[in-house]
Amino acid sequence: MTSDTAVAPQDGNATDGEHIRRPRLADHVTVHPPTGAAAPWTIQRGGQYLRVGADLARLARAADGTRGHEELAALLGPPWTTAVVDTAVRRLVTAKVFDNGDPKRGAPRRTPRLKVVPPLTLQLTVVHPQRLLSGVLPALALLGLKRWGVIGALLASAGLAALAARAPELSDALGRPLPPGVYAGVIGAMLLASALHELAHAAVLAHYGGRPSRMGVMLFYLSPAFFCDVSDGWRLPRNEQRVRVALAGIATQWVIAGCTALAALVPPPGHWQDGMLLFAAAGYVAGAFNLLPVVRLDGYLALMSHLDIPHLRDLATTDARHRIARLLYGGRYRPELPQLRWAVPFGLACTAAPVFIVVPALGSFAPLLQRTGTAGAIVMVCAAGYLLWLLLRGAVRTAAEARTAGAPRWRIALSATALTAAAVCALLLVRVPCTVAGGYAVRDGGQLELLLPSSADRSAIRAGTPVHLHRTGLLRSTTTGEAVIASEHGTASTAPISALVPVAGTTLSLPATAYPLTAARTPSDRTGNAQLTVGTDTLAHWLYDTYLAPCWR
């Protein structure tokens, strides 16, 4: 009895569980020693890595469930004391490193095959990349990364020069419809390049002794791609090694694009040269986009690795959110990254990145989605709704943190009211041009018709309204004619798919409403896109008419 009461005050409170009084390393946790002289100790819990000092790693290894805090302090020696052990044990219990074999104490669930990664990524694990590297690692070891880097830089540079030499052909391919087979080939090649991109990350990590954990497919901001989890890179001893792991995918993507651009110098038959040029250009653009450090892409991972600051983006966005909260609501906040003068601007850029990615994408593809009818309208409203939810969630979180930081309630309420009033005024007072997107076709009898999908706002159609006729490709359009609506009375008809989306060489058609057009000159293309400008409207009504109303028209 005296033994128990004597030990309890030294080994935690009497009300503490056994996982605190006599801690034991969880079965799912591994303590990794440094992989080099400058590398840290790491504690791995599932797919999470906790970088710790040598003393805390010794404590984690010594915790076997049989020793109390006093015994652990005696075993570890200075600078450990019973009080220091108690503090460290509670910290590791919070991190779910100790659980004494109790499965209820937070053993991580197996990483699900389907995983949502905020703000707009959906991952599906397909394979463990170690199985795919057996043929890659010997080649890396044969020449070394530096020689491969020189070869890759030469191929990427030569390919970029070749693509610049074919700029007129590339511009033409981007400005006209192409057959479905070309689009399918480009998409398939891009997916294959994305897979090789991710495999390059895994190969370089494995070359340095790390272990890539999982690889699969994902939807990244609504775009299909591949991913590879290289979190084990945090165990590498030098920052530059982690930077090379992060940039290996971009280098591979540019090499593939360069080789394709060089191959396109010898024109293949038919439209396949267009496809090769599109694929090469897309590879260079995708690689450049991947360098952006404000999105969780390779450029961000390289920056984080270079600075050796885990969770850099989260810490910077927290500092930016706190700066906004202090300006709007007041309060006192502790900076997360006081050593970085640019932490707040960087955090603001990271916070705004989803807006600046999704909004231009919606603006570019909105006319195309509108022409595809209700399905395209639903895609638009889902993307816009998710973006609005992100903005509202950020606003609520900022206000809640301000309150926690001591901001007065009256100031939070006043600022929130002012921001809401400003948003309402913008919706009601700002006027924007309204357009209706559709297509046109020259029928066999020579009659020129405007073709509108079911989601278009047909109430805005009036006789005499000007219509702009275009030849449209993936990214560029050319005006091919001007016309006016001859009659506002439409008839049920069908529209060739090439009149609504930039696809050539197919007989598919969609239901549409046809309106006769009068043109001074019949356009040279028998089908193409059409756009009407029907005046201006308030921002609120424009948003409703563009994103919501097409879903039920």
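Residues numbered from 1 in each chain as written. Predicted model: local features only at pLDDT ≥ 70, side-chain atom pairs only at ≥ 80, totals over all residues. Heavy atoms only, no water.

(A) Here's a closer look at the packing of aromatic side chains. Tallying each qualifying case throughout the model produces one aromatic pair. Taking 5.5 Å as the distance between ring centres and 90° as the angle between the ring planes, the aromatic pair formed by Trp 342 and Phe 346 counts as edge-to-face. Given the relative accessible area of 9%, Phe 346 is considered buried. (Phe/Tyr/Trp six-rings, centres within 6.5 Å; stacked < 30°, edge-to-face > 60°. Buried < 20%, exposed > 50% of the residue type's maximum accessible area, 1.4 Å probe, protein only.)

(B) Spotlight on unusual backbone geometry. Cis geometry is adopted by the peptide bond preceding Pro 79, which originates at Pro 78 and carries an omega value of 10°. Positive phi, normally seen in glycine, also occurs at Lys 96, with a value near 65°. Within the fold, Lys 96 resides in the loop between helix H5 (82-94) and strand E4 (114-117). Given a relative accessible area of 37%, Lys 96 falls into the partly exposed group. Its identity as a non-glycine residue notwithstanding, His 311 has a phi of 60°, on the positive side. Looking at the element boundaries, His 311 is found in the loop between helix H11 (298-307) and helix H12 (312-329). With a relative accessible area of 53%, His 311 lands in the exposed category. (Helix = DSSP H or I, 4+ residues; strand = E, 2+ residues; numbered from the N terminus.)

(C) Expanded view of the pairing of strand E10 (residues 466-472). Pairing analysis gives seven bridges linking E10 to strand E11 (residues 477-485), with the strands arranged antiparallel. For His 468, the partnering residue across the bridge sits in E11 and is Glu 482. Once E10 ends, the chain turns through four residues before running back antiparallel as E11. Pairing of E10 with strand E14 (residues 527-538) involves three bridges; the strand directions are antiparallel. When the sheet's bridge partners are listed, His 470 is paired in E14 with Asn 529. (Pairing = 2+ DSSP bridges.)

(D) The sheet that holds strand E1 (residues 29-32), seen in detail. Ordered in space as E1-E2-E3, the three strands form an open sheet in which the pairing is antiparallel. Across the chains shown, the open sheet's two edge strands, defined by having one partner strand only, are E1 and strand E3 (48-52). Ignoring which end each strand starts from, the neighbouring axes of this sheet average 20° apart. Here strand E2 (residues 41-45) runs beside E3; their pairing, made up of five bridges, is antiparallel. The partner of Gln 44 across the bridge, within E3, is Tyr 49. The sheet strands contacting helix H3 (residues 54-62) are E1, E2 and E3, and the helix crosses E2 at an angle near 45°. (Axes fitted to C-alpha atoms, helices over the stretch in contact; angles between N-to-C directions. Contact = heavy atoms within 4.5 Å.)

(E) Summary view of the pattern of salt bridges. Throughout the structure, instances matching the rule amount to 18 salt bridges. We note a salt bridge from Glu 71 to Arg 22, for which the minimum N-O separation is 3.3 Å. Within this pair, whereas Glu 71 is found in helix H4 (residues 69-76), its partner Arg 22 is found in the loop between helix H2 (18-21) and E1, the two being separated by 49 residues in sequence. In this structure, the salt-bridge partner of Glu 240 is Arg 238, at a minimum N-O distance of 2.9 Å. Given the relative accessible area of 38%, Arg 238 is considered partly exposed. Connected via shared salt-bridge partners are Arg 51, Arg 242 and Asp 308. (Salt bridge = Lys/Arg side-chain N within 4 Å of Asp/Glu carboxyl O.)

(F) Fine view of a nonpolar patch on the surface. Together, Leu 114, Val 116, Leu 122, Leu 124, Val 126, Val 217 and Leu 219 line one region of the surface with nonpolar side chains, adding up to about 580 Å² of accessible area. Looking at which element gives the most residues to the nonpolar patch, the answer is strand E5 (residues 121-127), with three residues. With respect to the secondary-structure elements, Leu 219 resides in strand E6 (residues 215-220). We classify Leu 219 as partly exposed; its relative accessible area is 42%. (Patch = residues over 30% accessible without salt bridge, like charges linked within 9 Å, V, L, I, M, F, W, Y side chains within 5 Å. Areas by Shrake-Rupley, 256 points an atom, 1.4 Å probe, with all protein chains shown as cover.)

(G) Just empty space enclosed by the protein, in detail. One pass over the full model with this rule turns up one cavity of 30 Å³ or more. Taken as a whole, the largest cavity encloses approximately 40 Å³ of empty space. The wall of the largest cavity is formed by Pro 177, His 470, Arg 471, Thr 472, Ser 498, Val 501, Pro 502, Thr 527, Gly 528 and Asn 529. Looking at the lining of the largest cavity residue by residue, the class counts come to three nonpolar, six polar and one charged. (1 Å grid on protein atoms, 1.4 Å probe; cavity = no way out; pocket = protein on both sides within 12 Å on 5 of 7 lines; lining within 4 Å. Points joined across faces, edges and corners; volume = space filled by probe spheres on them. Nonpolar A, V, L, I, M, F, W, Y, C, P; charged D, E, K, R; others polar.)

(H) Summary view of the environment of His 470. Topologically, His 470 is positioned in strand E10. Residue classification places His 470 among the buried residues on the basis of a relative accessible area of 15%. For the pair His 470 and Gln 531, spaced 61 residues apart in the sequence, the C-alpha separation amounts to 8.1 Å. Once you skip the residues sitting within four places of it in the chain, His 470 turns out to touch Tyr 440, Ser 477, Thr 478, Thr 479, Thr 480, Gly 528, Asn 529 and Gln 531.

(I) Region of the structure containing the nonpolar core. Core analysis: the largest hydrophobic core is formed by 25 residues, its most contacted members being Ile 43, Leu 59 and Phe 98. Once residues lying within four places of it in the same chain are set aside, the contact partners of Leu 59 are Leu 72, Leu 76, Trp 80, Val 85, Ala 88, Val 89, Leu 92 and Phe 98. Among the nonpolar cores identified, the runner-up in size contains 22 residues, and Tyr 183, Ile 256, Ala 261 and Ala 281 belong to it. (Core = buried A, V, L, I, M, F, W, Y, C linked by side-chain atoms within 4.5 Å.)

(J) Fine view of the side chain of Thr 538. Within the secondary structure layout, Thr 538 lies in strand E14. Beyond its immediate sequence surroundings of up to four residues, Thr 538 is in contact with Leu 427, Leu 428, Val 430, Arg 431 and Val 432.

(K) Examining the confidence of the model for the chain more closely. Here the chain averages 82 in pLDDT, and 86% of its residues register 70 or above. Within the model, pLDDT remains below 50 along residues 1-11, and this stretch shows eight contacts once partners closer than five positions in the same chain are excluded. (pLDDT = per-residue confidence, 0-100.)

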